[in-house]
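# Structural description and commentary
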Amino acid sequence: MGDSECVFCAIVHRGAAASIIHEDDTALAFMDHRPVTPGHLLVIPKAHAVGLEDLDERAGAQVWLVAHRLGRALRRSGLRCEGVNLFLADGEAAFQEVFHVHLHVFPRFTGDSFRLDADWRLRDRGELDRSAEALRLGMSRLDC
Ligand SMILES: [Zn+2]
């Protein structure tokens, strides 16, 4: 999918409607049109990037900064907010559905409908050390 077919790029260029909260040179924040809780918003880089692999690190830092600020703003908004989740899905297997990187920010409260089901069992040190070694290898293979 090129930029011209991307719904989030269309929002950046005002070719699609959105309830915009914040805009700066790098990032745009707007309401998710299918909120898991009232106040659920998305922060995106204005320059098209599919995911973490092609996202400029400085743009990613700005996306995080805006999400951090808006997470704090949620608690002062009057919307029900007892907690906040920041959630980024990178890749189809991670439940990414729109292939323009986006960071979800949404308020949480007791009894809301959001669930994250996983196997949270404790793992032995050997397994954790092997994973850490794999990650150090991955870091050494980054070209930045
Ligand atoms: Zn896009």
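This write-up is about the structure you can find in this document. Worth saying up front: this structure is predicted, and the values here are computed from it rather than measured.

Calculation rules
- Residues numbered from 1 in each chain as written.
- Predicted model: local features only at pLDDT ≥ 70, side-chain atom pairs only at ≥ 80, totals over all residues.
- Heavy atoms only, no water.
- Donors = N, O, S within 2.8 Å, 3.2 Å for Na, K, Ca; no water.
- Helix = DSSP H or I, 4+ residues; strand = E, 2+ residues; numbered from the N terminus.
- Buried < 20%, exposed > 50% of the residue type's maximum accessible area, 1.4 Å probe, protein only.
- Phe/Tyr/Trp six-rings, centres within 6.5 Å; stacked < 30°, edge-to-face > 60°.
- Pairing = 2+ DSSP bridges.
- Axes fitted to C-alpha atoms, helices over the stretch in contact; angles between N-to-C directions.
- Salt bridge = Lys/Arg side-chain N within 4 Å of Asp/Glu carboxyl O.

A separate point is the coordination of the zinc ion. Note on the zinc ion: its protein donors are C6 (SG), C9 (SG), H48 (ND1) and H100 (ND1). The metal-donor distances range over 2.0 to 2.3 Å. Donor residues binding the zinc ion come from one chain and are separated in sequence as C-x2-C-x38-H-x51-H. Residue C6 is located in the segment before α1 (7-12), and its partner H100 is located in the loop between β4 (83-88) and β5 (103-108); the two are separated by 94 residues in the primary sequence. By relative accessible area, which is 0% here, H100 ends up buried.

Attention shifts here to the packing of aromatic side chains. Going through the model one piece at a time under the given rule, you end up with two aromatic pairs. A ring pair is formed by F8 and F30, whose centres lie 5.4 Å apart and whose planes are at 70 degrees; its orientation type is edge-to-face. In this pair, F8 is assigned in helix α1 and F30 in strand β2 (residues 27-31), connecting sequence segments 22 residues apart. Of the residues examined, F8 reaches a relative accessible area of 7% and is grouped as buried. The class of F30 is buried, set by a relative accessible area of 3%.

Moving on, we come to the sheet that holds strand β1 (residues 20-23). Strand order in the open sheet formed by five strands is β1-β2-β3-β5-β4, and the pairing between neighbours is antiparallel. Edge positions in the open sheet fall to β1 and β4, since each of these has one partner strand only. With strand direction ignored, the average angle separating the axes of adjacent strands in the sheet is 20 degrees. With three bridges joining them, β1 and β2 adopt antiparallel strand pairing. Considered in β2, the bridge of I20 is made with F30.

Glancing now at the pattern of salt bridges. The full count for this structure, using the stated rule, is nine salt bridges. The shortest N-O distance in the salt bridge between D112 and R108 comes to 2.7 Å. Taking the shortest distance from any N to any O, the salt bridge between E133 and R136 comes out at 3.0 Å. One end of the pair, E133, and the other, R136, are both in helix α3 (residues 125-140), three residues apart, so they sit about a helical turn from each other.

Just geometry here; none of it tells us what the structure is for.
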